[in-house]
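Residue-level structure breakdown
Here are the chains, one letter per residue:
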Amino acid sequence: MTDLPSTASSPQKKVHIETWGCQMNVADSEKMLSLLQGERYELTDSPESADLVVMNTCHIREKARHKVLSRLGVLNEIKQSKPGLKIAVTGCVAQADGKKLLELAPQIDVLLGPGKIDDLPRLLRESADTNRSMTSLGFDRHSEEKDGHEHAHGSNAASAPSITGKPEVSRYVNIIQGCNNFCTFCVVPFTRGREISRPLAEVLSEASDLVAKGAKEITLLGQNVNSYGLDLLNTDIVPDDGGPFVKLLVAVAAIPGLERLRFTTSNPHDFTMPLAGLFAAQPKLGRYIHLPVQAGNDRTLARMKRKVTVAEYLEKVQWLREQIPDVAISTDLIVGFPGETEEEFQGTLNLVEQCQFSFIFAFKYSPRKGTAAARFADQIDEKTMDERLARLNALQDRITTKLNQAEIGQVREVLFIYESAKEPGIFVGRTPHFRTVRVRSKINLIGKTSSVMISGANKVALVGDVLEQNLTIH
Ligand code: SAH
Ligand code: SF4
Ligand code: F3S
């Protein structure tokens, strides 16, 4: 291998990547694919046809972790009949379970934490050379970034052409890793480490690069984007002017050619009035925000360590509605947090009714090893959780359907992101309120922003027609 004159003469290899979890994992998978492309890998859509399978895993709830274990069983069977196949397990289960996972699943060749993505090519080479499992876990990127090594590496990966096959129109940019909040139910601070912000210049250069390659919408990612840059300023408190995150939004929004700028996740505790104000001043931010509340009861919120009360949450919603009266807000909710009484759960239903969220992500509480709430005494039984989840989802379904149906007859500016794979000729895009719109068109609409007359709606999506004058313009 070493005496080959250049990598150009080495054969093309195939990688299959499976991504679970949140957008941060999606962004990490894209970065890994870019790194692998530098190693002459190309993407394939089945593990059977791959030389390497990367499983980028999620640990947020037990169900997510179980999927990883059962999938590893399937991959092991494929590996039995194809011994050259390499298996890499990355992401939050890799970090949380660590070497214990290798004992459970010795077929893993590479085990890589989310803080060590840049090590993937090296570990693959080492594993091929030694025929042993290679591991890289933990979070020490900050110091390396400061002296410049990882910086250069990361930028290369970010600017490499994407081989994901994913739509280029809407792209993610990571702005902050990890989380300092330690909400008592949540495993993320354990799987992603403490907050580490990327320098503004690096974020801007990656975003500009993506726009130059055709992205029209960028979503800035972090577990708590509002605390972006506070680590660089050595403070825990967002300054009154909205701080570095607001400055970052202003700078990214100024990129010519960028049409929409979104971000997730915004923690209500650190959501500031200047950030609400920016929604009115900067149309690229659209009319939508994801603002996870988790519960509608103060005792539960305090025991979750969310650091906001229901009244404070409602006040922040009010700031937004003052700026954008028709703002669409979505949220995350947990049912059956330890000790949650029926009356406290009613608080969640009341809050959902009051806020009229455009949609919600509702989850049954899942105890995570190492978190404070997993040790709370009064865990709620599965049946009660199922029943609460069903009631919550039924209420939200009614609200979502009602809000979506109110869109019928409206003309909305829709940015089209992709063409349906199952139904060619159906283009799918989003309104400024982040509602999904499906339109039938003979013209390729991907990447275009067009005025669409909404003609139908259900709880999942809207349908409509592109207005005639748009078709002649584009
Ligand atoms: N950083 C984001 C949340 C990221 S995790 C925030 O603070 O809002 C995404 C969602 O998963 C959370 O908002 C929460 O609703 C849910 N979640 C996290 N841990 C969970 C657990 N142990 N059980 C059930 N749901 C959980
Ligand atoms: Fe988890 Fe809370 Fe951090 Fe969100 S803010 S990632 S819920 S610890
Ligand atoms: Fe899952 Fe890790 Fe994201 S646990 S939700 S992939 S940060």
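Things to note about helix H2 (residues 62-81)
- Taking 1.5 Å of rise per residue, 20 residues should cover 28 Å, and H2 covers 30 Å from first to last C-alpha, within 8% of that figure.
- All buried positions along H2 are accounted for by Ala-64, Arg-65, Val-68, Leu-72, Leu-75, Ile-78 and Lys-79. In an axial view of H2, the angular spread of the buried residues amounts to 120°, which keeps them on one side of the axis. Summarising the geometry of H2, the exposed residues directed more than 90 degrees from the buried face are Lys-63, Glu-77, Gln-80 and Ser-81.
- Each element contacted by the buried residues of H2 is listed here: strand E3 (52-57), strand E4 (86-91) and helix H3 (92-97).

Description of the site of ligand 3
- Taken together, Cys-22, Asn-25, Cys-58, His-59, Ile-60, Cys-92, Val-188, Arg-192 and Gln-223 are the residues near ligand 3.
- The residue inventory of the shell around ligand 3, partitioned by class, reads five nonpolar, three polar and one charged.

Overview of the pattern of salt bridges
- Considering all chains together, one arrives at 32 salt bridges under this definition.
- A salt bridge links Arg-71 to Glu-18, with the shortest nitrogen-to-oxygen separation between them at 2.7 Å. Residue Arg-71 is found in helix H2, and its partner Glu-18 is found in strand E1 (residues 13-19); the two are separated by 53 residues along the sequence.
- The exposure class assigned to Arg-71 is partly exposed, which follows from its relative accessible area of 22%.
- Arg-198 is paired through a salt bridge with Glu-202; the nearest N and O atoms lie 2.9 Å apart.
- The class of Arg-198 is buried, set by a relative accessible area of 12%.
- Sharing partners across several salt bridges, the network here consists of Glu-340, Glu-342, Glu-387, Arg-388 and Arg-391.

Observations concerning the sheet that holds strand E14 (residues 359-364)
- Pairing within the open sheet is parallel, and its three strands lie in the order E12-E13-E14. On the outer flanks of this sheet lie strand E12 (288-290) and E14, each paired with one strand and no other. The mean angle between the axes of side-by-side strands here comes to 15°, regardless of whether they run parallel or antiparallel.
- Here strand E13 (residues 328-335) pairs with E14 via six bridges, running parallel.

Details of the confidence of the model for the protein chain
- Per-residue confidence for the protein chain gives a mean pLDDT of 91, with 91% of residues at or over 70.
- Here residues 1-7 is modelled with pLDDT under 50, and outside its nearest four sequence neighbours on either side it reaches three contacts, counting other chains as well.
- For residues 143-165, every residue scores under 50 in pLDDT, and the model assigns this stretch 35 contacts once sequence neighbours within four places are set aside.

Rules of the game
- Residues numbered from 1 in each chain as written.
- Chains lettered and ligands numbered in written order.
- Predicted model: local features only at pLDDT ≥ 70, side-chain atom pairs only at ≥ 80, totals over all residues.
- Heavy atoms only, no water.
- Helix = DSSP H or I, 4+ residues; strand = E, 2+ residues; numbered from the N terminus.
- Expected span 1.5 Å × (residues − 1).
- Buried < 20%, exposed > 50% of the residue type's maximum accessible area, 1.4 Å probe, protein only.
- Arc of directions from axis to C-beta.
- Contact = heavy atoms within 4.5 Å.
- Near = heavy atom within 4 Å.
- Nonpolar A, V, L, I, M, F, W, Y, C, P; charged D, E, K, R; others polar.
- Salt bridge = Lys/Arg side-chain N within 4 Å of Asp/Glu carboxyl O.
- Pairing = 2+ DSSP bridges.
- Axes fitted to C-alpha atoms, helices over the stretch in contact; angles between N-to-C directions.
- pLDDT = per-residue confidence, 0-100.

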